[in-house]
Amino acid sequence: MIDLAELATKHLDAARSDQHGRSAGIVAHDGELRQTVIALTAGSSLGEHNSPNAATLQVWQGRVRVESPEGDVEAGTGHLWVLTHERHSVHALEDSVFLLTTLTGVGRSSHG
């Protein structure tokens, strides 16, 4: 069993000590399901990146802004958001911890 509050505190403390203001770790990995806890200090970010096939972002603490061509979305403590399928970036508006849940192989189509 995982103590989510303890995990959040551990990663936020690590992010505060990291020169880039980030800390992340796998919480669960079962087949194509992956859950990752990510902590960002205020003002730090995850640069623009491709979206997985399916993903949600659940904010445990703080407030983040997801920026994409579809528009910006802000999420705070207790919010769950289904991520865009567009390239996006994540910016911490305050010290934040969130759970990223992804399905890596669902919906893949073969192109060429």
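Refer to the preceding data block for the structure.
For the structure given in this document, a descriptive report is provided here. What you see is a predicted model; the values in this text were computed from it and never measured.

1. Quick word on the sheet that holds strand E4 (residues 54-61)
Thinking step 1. With respect to topology, five strands assemble into an open sheet ordered E1-E2-E9-E4-E7, the strand pairing being antiparallel. Whereas interior strands pair on both sides, the edge strands pair on one side only; in this sheet they are strand E1 (22-30) and strand E7 (80-82). For this sheet, the mean angle separating the axes of adjacent strands, direction not counted, is 20°.
Thinking step 2. As defined by bridge partners, E4 adjoins strand E9 (residues 96-103) across seven bridges and the pair is classed as antiparallel. Each bridged residue has a counterpart across the sheet, and for Gln58 the counterpart in E9 is Leu99.

2. Notes on the nonpolar core
Thinking step 1. Among the nonpolar cores identified, the biggest contains twelve residues, and these are Ile38, Leu40, Ala55, Leu57, Val59, Val64, Val66, Ala75, Leu83, Val90, Ala92 and Phe98.
Thinking step 2. Put simply, the parts of the chain that give this core at least two residues each are strand E2 (33-40), E4, strand E5 (63-67) and strand E8 (88-92).
Thinking step 3. Considering each element in turn, this core owes the most residues, three residues, to E4.
Thinking step 4. Apart from residues no more than four positions distant in its own chain, Ala75 is found in contact with Val59, Gly62, Arg63 and Val64.
Thinking step 5. By size, the runner-up hydrophobic cluster in this structure holds ten residues, among which are Leu12, Ala15, Val27 and Val37.

Reading the values: rules and limits
- Residues numbered from 1 in each chain as written.
- Predicted model: local features only at pLDDT ≥ 70, side-chain atom pairs only at ≥ 80, totals over all residues.
- Heavy atoms only, no water.
- Pairing = 2+ DSSP bridges.
- Helix = DSSP H or I, 4+ residues; strand = E, 2+ residues; numbered from the N terminus.
- Axes fitted to C-alpha atoms, helices over the stretch in contact; angles between N-to-C directions.
- Core = buried A, V, L, I, M, F, W, Y, C linked by side-chain atoms within 4.5 Å.
- Buried < 20%, exposed > 50% of the residue type's maximum accessible area, 1.4 Å probe, protein only.
- Contact = heavy atoms within 4.5 Å.

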